[in-house]
Amino acid sequence: MTTGFDQYECDCTRTGFYGENCTTPEFFTWLRLTLKPSPNTVHYILTHFKGAWNIINNIPFLRDAIMRYVLTSRSHLIDSPPTYNSDYNYKSWEAYSNLSYYTRSLPPVGHDCPTPMGVKGKKELPDSKLIVEKFLLRKKFIPDPQGTNVMFTFFAQHFTHQFFKTDHKKGPAFTKALGHGVDLNHIYGETLERQLKLRLLKDGKLKYQMIDGEMYPPTVKDTQAEMIYPPHVPEHLQFSVGQEVFGLVPGLMMYATIWLREHNRVCDILKQEHPEWDDEQLFQTTRLILIGETIKIVIEDYVQHLSGYHFKLKFDPELLFNQRFQYQNRIAAEFNTLYHWHPLLPDTFQIAGGKNVPVAVQKVAKASIDQSRQMRYQSLNEYRKRFMLKPFKSFEELTGEKEMAAELEELYGDIDAMELYPGLLVEKPRPGAIFGETMVEIGAPFSLKGLMGNAICSPEYWKPSTFGGKVGFDIINTASLQKLICHNVKGCPFTAFHVLSPEPTEATINVSTSKTAMEDINPTLLLKERSAEL
């Protein structure tokens, strides 16, 4: 807090620290920090000793205790209620209540600071186009050591489009999403008007059409729900789903079709269980069940794969019922920026009807840097400190090599002036992993807080009656990616977020030293969604 034009005062209340800058730990804070293993040590333990973890995974009280710690230690790093946004670097009712803003985990760098990153680094940041071309563009293909495939990539893009919806007319600080979490508006439509256009208004179902004996979304002509398609797509192939851009990318329409089938499948189950229910109750209850399925799949399949842990993650809201936890969520601008995982896309991939035309998309990476500067993000090291990570002492420690480190130092001048987004992509990855420490340790708290902060996870909602009784509750508690596919795709093909071959394949690339190339995204998408949020 400023006290006059040239002085400030730091409020250390309930931080566990004291001193002029709240940097001296109290005794118990010091003890806790001293005894607490580093994130990299924890990651090593969780990704090794498979035999021991197999035993722990089969002892319910041990597994529950560890999962409870994973959830609380991560989610408590996220401010709830939110504190800042891009226009308010102090607590205000506007920052709390105005849902059109992304919230912020750190306030913007002050306009009167001597450098763009505060007090460190050069007076001007390097040209963003130079940063992209010199450090982020793919020089050669580097396979992901975890064997991640495009099922994972498109799941990430499909899932996050429900809450990463930057309002480009207002600017990168604003979101068009009415909700700030997992509400499945990308399946059901953001507004009630769009939802009603997509609904069959009978038996709780969504509109559909049958093609060769299989269920597909209805056409735009059938629903009058606007979609964005390339000009060459014929009218009868312009499918209509909850998110208007999903027709531009094959993988997104694939998931949209699968979730449509799942919704209507669950409606049939509930209709049989509750013949007394009308269309509205069947629809609304089915939506709650699909939200539950989504959260379980994200934690137990998606995050499980991403973590590389031998410890088996568990979706069980009851683990938090006796903890201090708030069932609300706000999407942070930094989480939106961090989730630009465009390096996960391969150079090319095969789809029915031929090869998807490659399109250079380095402008997306440049836009991520430019928008971060527009919102005056603090430095990578400031975010590391905010999330209880030790700041990097040098560019070489950040990158794990000498040549790139020297070039970055020449451009930025000081490791404390390294920007967040480029820093996330050039950071050396953890051994055998896709990402570096910072991406995971900042991203995980946002992710888990957003998932477990959902209303259905609260004690008031998390009970069988919310989901139509035991049948609906069981659908959630037994959900998995494999079951989602088996229930809705002929032949029940084996499905996972990783390739079957033990050898790395050209499904994805390593983030650290590779180009942020999304040559597979249609140019129309780039025009309509300049941030191409993934």
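The rules behind these values
Residues numbered from 1 in each chain as written. Predicted model: local features only at pLDDT ≥ 70, side-chain atom pairs only at ≥ 80, totals over all residues. Heavy atoms only, no water. Helix = DSSP H or I, 4+ residues; strand = E, 2+ residues; numbered from the N terminus. Rg over C-alpha atoms; globule rule 2.2 N^0.38 Å. Buried < 20%, exposed > 50% of the residue type's maximum accessible area, 1.4 Å probe, protein only. Contact = heavy atoms within 4.5 Å. Areas by Shrake-Rupley, 256 points an atom, 1.4 Å probe, with all protein chains shown as cover. Lys, Arg positive; Asp, Glu negative; His and termini not counted. Charge placed at Lys NZ, Arg CZ, Asp CG, Glu CD. Axes fitted to C-alpha atoms, helices over the stretch in contact; angles between N-to-C directions. Parallel < 35°, antiparallel > 145°, perpendicular 65-115°, else oblique. Nonpolar A, V, L, I, M, F, W, Y, C, P; charged D, E, K, R; others polar. pLDDT = per-residue confidence, 0-100. Expected span 1.5 Å × (residues − 1). Phe/Tyr/Trp six-rings, centres within 6.5 Å; stacked < 30°, edge-to-face > 60°.

S.K.: Hey, could you run me through the overall build of the chain in this one?
M.R.: A count of helices and strands for the chain gives 22 helices and 8 strands. The C-alpha radius of gyration of the chain comes to 23 Å, within 12% of the 24 Å expected for a compact globule of 534 residues. Based on the C-alpha atoms only, the size of the chain along its principal axes is roughly 70 × 50 × 50 Å. Per-residue burial for the chain yields a buried fraction of 55% across its 534 residues. Partitioning the contacts of the chain with sequence separation of at least 6, the portion at a separation of at least 24 is 70%. For the chain, the computed accessible surface area is about 24600 Å², with 56% contributed by carbon and sulfur atoms. Between the averaged position of the 58 positive side-chain charges in the chain and that of its 62 negative side-chain charges there is a distance of 2 Å.

S.K.: Honestly, the packing of helix α4 (residues 60–75) against helix α19 (residues 437–452) in this entry has me stumped. Any pointers?
M.R.: At a minimum axis distance of 8 Å, the contact between α4 and α19 shows a crossing angle of 105°. As summarised for this structure, α4 and α19 are arranged roughly perpendicular, according to the angle between their axes. On the side of α4, the interface is formed by Val70, Leu71, Arg74 and Ser75, while α19 contributes Val440, Glu441, Ala444, Pro445, Leu448, Lys449 and Met452. In the contact of α4 with α19, the residues fall into 7 nonpolar, 1 polar and 3 charged.

S.K.: Looking at this model, I keep getting lost on the confidence of the model for the chain. Mind explaining?
M.R.: As a note on interpretation, predicted positions should not be read in detail where pLDDT is low. Summing up the model confidence of the chain, the mean pLDDT is 90 and the portion of residues at 70 or higher is 91%. Residue range residues 353–360 is modelled with pLDDT below 50. Its contacts to residues more than four positions away, or to other chains, number 15 contacts. Within the model, the stretch residues 503–534 combines pLDDT values under 50 with 136 contacts to residues more than four positions away or in other chains.

S.K.: In this structure, what is going on with α4? I would like to understand it.
M.R.: An α-helix turns once per 3.6 residues; consequently, residues spaced three or four apart project the same way. Its 16 residues give α4 an end-to-end C-alpha distance of 22 Å, which sits within 8% of 22 Å, the value for a rise of 1.5 Å per residue. Taken residue by residue, α4 has Arg63, Asp64, Met67, Val70, Leu71, Thr72, Arg74 and Ser75 as its buried positions.

S.K.: How should the packing of aromatic side chains be read in this particular structure?
M.R.: Pairs of aromatic rings are described using the distance from one ring centre to the other and the angle between the two planes. For the structure on display, the rule yields 31 aromatic pairs. Taking the centre distance of 5.4 Å and the plane angle of 70° together, the rings of Phe315 and Trp462 count as edge-to-face. Highlighted residues: Phe315 in the loop between α12 (279–307) and α13 (333–338) and Trp462 in the loop between α19 and α20 (470–477), separated in sequence by 147 residues. Ring geometry for Phe335 against Phe446: centres 5.2 Å apart, planes inclined by 25°, an arrangement best described as stacked.

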